[in-house]
Amino acid sequence: MLTAILSLAGLAILFGLILGFAAVRFRVESDPVVDKIDALLPQTQCGQCTYPGCRPYAEAMAKGEADINQCPPGGEQTIVALADLLGVDPKPLNPEMGEVKEEKTVVIIDEDICIGCTLCIQACPVDAILGAAKQMHTVIEEECTGCNLCIPPCPVECIYIVPRKKSIQNWKWPKPEETQVENGAKG
Amino acid sequence: MLSRLQQLWQFRGGLHLDEYKQSSTTAPIQTIPLPAKLILPLQQHLGHTAEAIVKKGDKVLKGQKIAEATGYVSVPLHAPTSGTIIDIGDYPVAHPSAMKSSCIVIEPDGQDQWAEKQTISDYKTLTPEQIREIVSEAGIVGMGGAGFPSFIKLNPGEEKKVKTLILNGAECEPYITCDDMLMREQAKNIIAGARIMLYSLQAERCLIGIEDNKPEAISAIQNAASAFSDITVVAVPTLYPTGGEKQLIKVLTGLEVPSQSLPGSIGIVCHNVATANAVYHAVILGEPSVSRIVTVAGDKVKTPRNLEVLIGTPFNDLINACDGLTDENTPLIMGGPMMGFRVHSSEAPVIKTCNCILAKEDQSHHEQHMPCIRCAKCAEACPVNLLPQQLYWYARAKDFDKAQDYKLFDCIECGCCDYVCPSHIPLVQYYRFAKTEIWVQEQDKQKSDIARERHEFRQLRLEREKRERAERHKQKQEALNKSGDKDKKQEAIQAALDRVKAKRESQQENKNQES
């Protein structure tokens, strides 16, 4: 009897020590859930979710403060991915945050009108605008995420939204049109 | 030597299709007159787009390099004839999107004058590396249709020893006969190319697989290869899609290329016969890839035949060389009836991977497709052992992760499932839709990763600037405090004030004097 208690107690202490050591030795620095959520967000840094960027939104979601349907640029795809990750049911996008854009957009600066005030440069979350004080500015289209944050600060309204350039490289085969017969029959 | 006794294997599935190869093989390969202009898309093949190194107005000679490779999976582009560059801009190209793409346009001067060519009599004076360099510089890509830069497939790699070189002369798709005609007419060059490839790969043997519906081609190649004991010509049974790389390897060797990997992983490299011909032209004659043989066929073509044309020749010129179409409104298809796609402009030019231009009655039965009844005919026909109906459900529901679990990317888009489907479901289009959708999602993912990095860097930078500003401010404050004795400062201020006062007074005096 006593041997059994002692040996079990000894094992418990041993495993406790191993677990305790592992917890210290292999401690993960940042919250991995936040990283995982952040990886699913589109990184436009547009703030439409009411948080100042994608990572703060991811942190809020991890704490349970924000819902999964607050990201208009991500659209349905992101919501489904987030639901999958967090083990909740997907839901439609919250219309308060904005609407899903039909196609991806970027902004361009009308360089004839630009006065070189640098306000848009300060607003751009990904440093995609190039220019200096009293010099013409321009958008690096490759890097623009289409967040449109540069538009409100512009005093001369010289920034326009245009669709992202389509090329053969990012062209997609259209989904075949479904006939009524096919739609009618499920399963 | 022809091996009739060599054991052959079979892949699962496949179809016996009507061949329609007769009409375009009655006449020999013909050349056509120089077209009024040549349009050369900078994207000729898989991988990175080439970059133009000429400008508008430049005079170029035949074979002169006009665009440079960018990146590893890329090859340069050469002028197919001598003439003047008249434009570099967006033109219609043969692509299912109907989009325009960046092209170099040459107006031929009619001289067809070659730039200097480096001929070599014996390829063995070169090292395998030098041969790959020549093949790369000559802009050779796989001419069977996929268009992978050939020099990469001539590299045996450091450890992976390539034992077998397979030349693909199966040409299994209906209507297409360009490889058949090439084998009949230029068997010697193909074998010479095969010898160079064997040398470059340091491979032991070469198998040439030709479908048994091409007896002329088989005997021509057999004659040319009879002197070489390491080259074996194998007549393979006619069954679509034997010309698929992995299918032909299975038929000839019994080996299966693992899912999502290349034949190199099992010691095999597979090239098209036309590519071997191009390698011969590049290494021995010093001629880069500037022309190819194209089959023009289909029941709407008045005189179907095979044409040797310069890269960049508009489809219209090829159609005209075949006496035109019986119905001008027939849509053109690039490639065969099973795997080809509709080309939206007859002004689109021939590129290096264009093996066939087809103009035939539209027999597509996809208009009224019906629900899937799970009959599994598609699964029986699939030569890659996939479950096409599962892939269809997942692609249709946009469940791309699941589609990938079911090996969507092993699908070779041969169209067998599509062909046998009793509900006429456009299955291949669903797979193409899913594949491109996944690629674009991956591109977006890369883009968002870059955006995250840039955003994080910006945050860091702003913070650093803030910190530095605060530090500077602090240092200034300290400096002020240190120089400490406030009297000195006060004195300096007083002195400055005095100076101003004196100046004002003297000005006042001057004014007074003037008035």
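Fair warning: this is a prediction, and the values are worked out from it, not measured in the lab.

Analysis parameters
Residues numbered from 1 in each chain as written. Chains lettered and ligands numbered in written order. Predicted model: local features only at pLDDT ≥ 70, side-chain atom pairs only at ≥ 80, totals over all residues. Heavy atoms only, no water. Helix = DSSP H or I, 4+ residues; strand = E, 2+ residues; numbered from the N terminus. Rg over C-alpha atoms; globule rule 2.2 N^0.38 Å. Contact = heavy atoms within 4.5 Å. Patch = residues over 30% accessible without salt bridge, like charges linked within 9 Å, V, L, I, M, F, W, Y side chains within 5 Å. Areas by Shrake-Rupley, 256 points an atom, 1.4 Å probe, with all protein chains shown as cover. Salt bridge = Lys/Arg side-chain N within 4 Å of Asp/Glu carboxyl O. Lys, Arg positive; Asp, Glu negative; His and termini not counted. Charge placed at Lys NZ, Arg CZ, Asp CG, Glu CD. Buried < 20%, exposed > 50% of the residue type's maximum accessible area, 1.4 Å probe, protein only. Pairing = 2+ DSSP bridges. Axes fitted to C-alpha atoms, helices over the stretch in contact; angles between N-to-C directions. Buried area = accessible area lost by both parts, 1.4 Å probe. Polar contact = N/O pair within 3.5 Å; in protein donor to acceptor, adjacent residues only side chain to side chain. Nonpolar A, V, L, I, M, F, W, Y, C, P; charged D, E, K, R; others polar. Core = buried A, V, L, I, M, F, W, Y, C linked by side-chain atoms within 4.5 Å. Phe/Tyr/Trp six-rings, centres within 6.5 Å; stacked < 30°, edge-to-face > 60°. Lys NZ or Arg CZ within 6 Å of the ring centre and 35° of its normal.

**Q** I'd like to hear about the overall build of chain A, residue by residue, with values.
**A** Scanning chain A from terminus to terminus reveals 6 helices and 4 strands. Sequence-ordered secondary structure for chain A, helices as α and strands as β, is α-α-α-α-β-α-β-β-β-α. On C-alpha atoms alone, chain A measures out to a radius of gyration of 25 Å, which is more than a quarter above the 16 Å that the 2.2 N^0.38 rule sets for 187 residues. Pairs at least 24 apart in sequence give 53% of the contacts found in chain A among residues at least 6 apart.

**Q** How would you summarise a negative patch on the surface if you had to cite specific residues and measurements?
**A** Where like charges cluster on the molecular surface, the negative patch consists of Asp-84 of chain A together with Asp-399, Asp-401 and Asp-405 of chain B. Mapped onto the elements, Asp-84 of chain A comes out in helix H4 (residues 75-86).

**Q** Give me a positive patch on the surface: which residues, what numbers.
**A** Residues and elements named next belong to chain B. Judged by side-chain charge, Lys-466, Arg-469, Arg-472 and Lys-476 come together as a positively charged surface patch. When you line up the elements, Lys-476 lands in helix H12 (residues 427-482). Under the relative-accessibility criterion, Lys-476 is labelled exposed at 64%.

**Q** Describe in detail the sheet that holds strand S1 (residues 30-31) of chain B, supporting the description with residues and values.
**A** Residues and elements named next belong to chain B. Taken in spatial order, the 6 strands line up as S1-S14-S13-S17-S15-S16 in an open sheet, and their pairing is mixed. A single partner strand is all that each edge strand has here, and the edge strands are S1 and strand S16 (341-343). Pairing of strand S13 (residues 291-297) with strand S14 (residues 305-310), which is carried by 6 bridges, proceeds in the antiparallel orientation. Along S14, the bridge assignment pairs Ser-291 with Leu-310. Docked against the sheet, helix H2 (residues 178-185) engages S13 and S14, running at close to 125 degrees with respect to S13.

**Q** Which residues make up the interface of chain B and chain A, and what values go with them?
**A** Opposite the 41 residues of chain B that make contact, chain A presents 39 residues. Here chain B and chain A share an interface that buries about 3,600 Å² over both sides, 53% of which is from carbon and sulfur atoms. Considering only the side of chain B, the residues that lose the most area to chain A are Arg-396, Arg-454 and Arg-458 of chain B, jointly responsible for 17% of the buried surface there. Joining chain B to chain A, the criterion identifies 7 salt bridges. Between Arg-164 of chain A and Asp-444 of chain B there is a salt bridge, with its nearest N and O atoms 3.7 Å apart. On the surface where chain B and chain A come into contact, there are 16 residue pairs in polar contact (both at pLDDT 80 or more). Counting only elements with at least two residues in the side of chain B that touches chain A, the list comes to strand S8 (100-108), helix H9 (388-396) and H12 of chain B. Looking at the side of chain B that touches chain A, the element that brings in the most residues is H12 of chain B, giving 20 residues. Classifying every residue of the side of chain B that touches chain A gives 15 nonpolar, 13 polar and 13 charged.

**Q** Residue-level account of the pattern of salt bridges, with values.
**A** Under the defined criterion, the tally for this structure stands at 31 salt bridges over all chains. Between Arg-132 of chain B and Glu-129 of chain B there is a salt bridge, with its nearest N and O atoms 3.4 Å apart. With a gap of 3 residues between them, Arg-132 of chain B and Glu-129 of chain B both fall in helix H1 (residues 128-137), about one helical turn apart. In this structure, the salt-bridge partner of Glu-468 of chain B is Arg-464 of chain B, at a minimum N-O distance of 3.9 Å. Of the two residues, Glu-468 of chain B and Arg-464 of chain B are both situated in helix H12; the distance of 4 residues between them amounts to about one turn of the helix. What emerges from the salt-bridge pattern is a single network uniting Asp-35, Asp-38, Arg-55 and Glu-59 of chain A together with Lys-445, Asp-449 and Arg-452 of chain B.

**Q** Give a description of the nonpolar core that names residues and reports values.
**A** The biggest cluster of nonpolar side chains holds 58 residues, and the ones touching the most others in it are Leu-167, Ile-208, Ile-221 and Val-283 of chain B. The element best represented in this core is helix H3 (residues 187-201) of chain B, accounting for 9 residues. Aside from chain neighbours lying at most four places away, what touches Leu-167 of chain B is Ile-190, Ala-194, Met-197, Cys-206, Leu-207, Ile-208, Gly-209, Leu-248, His-271, Asn-272, Val-273 and Ala-276 of chain B. By size, the runner-up hydrophobic cluster in this structure holds 54 residues, among which are Trp-171 of chain A together with Ala-94, Phe-341 and Ile-351 of chain B.

**Q** So what's going on with the side chain of Thr-313 of chain B? Which residues, and what values?
**A** All names here are of chain B. Summarising the element assignment, Thr-313 is placed in the loop between S14 and helix H7 (315-321). A polar contact of 2.6 Å, which involves the side chain of Thr-313, links it to the backbone oxygen of Leu-310. Those residues in contact with Thr-313 that lie beyond four places of it in its chain are Ile-32, Pro-35, Leu-38, Leu-318, Ala-348, Pro-349 and Val-350.

**Q** Can you explain the side chain of Glu-173 of chain B? Please cite residues and give values.
**A** All names here are of chain B. Among the secondary structure elements, Glu-173 is positioned in the loop between strand S9 (164-169) and H2. Look at Glu-173: it is buried, it has no salt bridge, and the nearest opposite charge is Arg-432 at 8.2 Å. A distance of 2.8 Å separates the side chain of Glu-173 from the backbone nitrogen of Met-338, its partner in a polar contact. Sequence-distant contacts of Glu-173, that is, excluding residues within four places in its chain, are made with Lys-21, Tyr-240, Gly-336, Pro-337, Met-338, Met-339 and Gly-340.

**Q** Break down the packing of aromatic side chains for me, with residues and values.
**A** Residues and elements named next belong to chain B. Taken as a whole and assessed by the stated rule, the structure comprises 10 aromatic pairs over all chains. When the ring of Tyr-392 is compared with that of Tyr-430, the centres are 5.0 Å apart and the planes differ by 80 degrees; the resulting orientation is edge-to-face. With a gap of 38 residues between them, Tyr-392 in helix H9 and Tyr-430 in helix H12 connect regions that are remote in the sequence. Of the two residues, Tyr-392 and Tyr-430, neither departs from the other in class, the shared state being buried. Ring plane angle 65 degrees and centroid distance 6.0 Å describe the contact between Phe-400 and Phe-433, whose orientation is recorded as edge-to-face. Placement of Phe-400 in helix H10 (residues 400-405) and of Phe-433 in helix H12 is noted, with a sequence separation of 33 residues between them. Through a chain of ring-to-ring contacts, three or more aromatic side chains come together here, namely Tyr-392, Trp-393 and Tyr-430. Here Lys-117 stacks its cationic end above the ring of Trp-114, 4.3 Å away from the centre of that ring.

**Q** Describe the sheet that holds S8 of chain B, naming the residues involved and giving the relevant values.
**A** All names here are of chain B. Strand order across the open sheet formed by 4 strands is S2-S8-S7-S4, with antiparallel pairing between neighbours. Whereas interior strands pair on both sides, the edge strands pair on one side only; in this sheet they are strand S2 (38-41) and strand S4 (59-60). The sheet contact formed by S4 and strand S7 (residues 83-92) spans 2 bridges and is antiparallel. Following the sheet pairing, Lys-59 is matched in S7 by Thr-84.

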